Amino acid sequence: MRVDRWLWAARFFKTRGLATDAVNAGHVRLNGARVKPAKDVRPGDELEIRIGTTVWTVGVVGLSEQRGPAKQARELYAETEASQAAREQQALQRKLAPPPLGADLGARPTKQDRRRLDALRKRNRA
């Protein structure tokens with residue numbers, strides 16, 4: 001089964017096109033090597049998938065030609081313990097990180113808010 005189809009069926013990507021783009025961009029490695037979207041995946045292979053800043057390291061357990069429910073998709077792979085711990089640690093760091101500059105302004109900033117934000121950014125650069 002093609003790696004892009006497997007990624008789509010395992011619900012790592014919403015569409016097969018997004019999965020193909022990720023493989024072409026080098027965000028997916030099969031057994032440590034960069035691959036093309038048409039590369040075959042077999043049970044026992046190890047995939048490293050980078051989605052944004054999150055890295056998943058999973059072992060292929062099963063194959064599915066169709067995209068099914070999330071519970072069924074979860075049975076297609078087994079995530080390594082190291083990968084799961086790293087993802088949880090990264091999520092905790094994001095949760096504890098201070099909010100980005102200007103996140104507390106609410107919806108659309110007023111002219112006065114924008115000027116305050118610009119002044120704050122200018123002070124931080126200096």
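Scroll up to find the structure this text is about.
Criteria and thresholds
Residues numbered from 1 in each chain as written. Predicted model: local features only at pLDDT ≥ 70, side-chain atom pairs only at ≥ 80, totals over all residues. Heavy atoms only, no water. Helix = DSSP H or I, 4+ residues; strand = E, 2+ residues; numbered from the N terminus. Rg over C-alpha atoms; globule rule 2.2 N^0.38 Å. Pairing = 2+ DSSP bridges. Buried < 20%, exposed > 50% of the residue type's maximum accessible area, 1.4 Å probe, protein only. Contact = heavy atoms within 4.5 Å. Salt bridge = Lys/Arg side-chain N within 4 Å of Asp/Glu carboxyl O. Arc of directions from axis to C-beta.

Caption draft 1: The overall build of the protein chain, seen in detail. Secondary structure assignment for the protein chain yields five helices and five strands. Shown N-terminal to C-terminal, the secondary structure of the protein chain runs as helices and strands in the order α-α-β-β-β-β-α-β-α-α. Expected size for 126 residues packed as a compact globule is a radius of gyration near 14 Å; at 20 Å, the protein chain overshoots this value by more than 25%. In terms of its C-alpha atoms, the protein chain occupies a principal-axis envelope of roughly 60 × 30 × 30 Å.

Caption draft 2: Representation of the sheet that holds strand β1 (residues 28-30) within the structure. Pairing within the open sheet is antiparallel, and its five strands lie in the order β2-β1-β3-β4-β5. Across the chains shown, the open sheet's two edge strands, defined by having one partner strand only, are β2 (33-34) and β5 (77-79). Here β1 pairs with β2 via two bridges, running antiparallel. Residue pairing for β2: L30 is matched across the bridge by A33.

Caption draft 3: Structural detail: unusual backbone geometry. Even without a glycine there, the phi angle at R11 is positive, about 65°. Position of R11 among the secondary structure elements: in the loop between α1 (3-9) and α2 (16-24). Relative accessible area serves as the criterion here: at 39%, R11 is assigned to the partly exposed category.

Caption draft 4: Structural detail: the environment of F12. Relative to the helices and strands, F12 resides in the loop between α1 and α2. Along the chain, F12 and I49 lie 37 residues apart, while their C-alpha atoms are 8.5 Å from each other. Ignoring any residue separated from it by four or fewer positions in sequence, one finds F12 in contact with W6, L7, I49, I51, W56, V58 and Y77.

Caption draft 5: Structural view of the pairing of strand β4 (residues 54-60). Of all seven residues in β4, six are buried; the element is thus mostly enclosed. Pairing of strand β3 (residues 46-51) with β4, which is carried by six bridges, proceeds in the antiparallel orientation. The residue bridging E46 from the neighbouring strand is G59, located in β4. Here β3 folds back onto β4, and the loop between the two strands holds two residues, one of which, G52, carries a positive phi near 65°.

Caption draft 6: Representation of the pattern of salt bridges within the structure. If you walk through the whole model with that rule in mind, you get four salt bridges. Among the salt bridges present, the one from E79 reaches R87, with a minimum N-O distance of 2.7 Å. Residue classification places E79 among the buried positions, given a relative accessible area of 13%. Of the residues examined, R87 reaches a relative accessible area of 23% and is grouped as partly exposed. Residues joined by salt bridges that share partners form a network here, namely R2, D4 and R16.

Caption draft 7: Region of interest: α2. Those residues of α2 that sit buried are A19, T20, A22 and V23. Around the axis of α2, the buried residues are gathered within 160° of arc, so they sit on the same side. The inward-facing, buried residues of α2 contact α1 and β1. Where α2 ends, the next residue or the one after it, G26, has phi of about 90°, a positive value.

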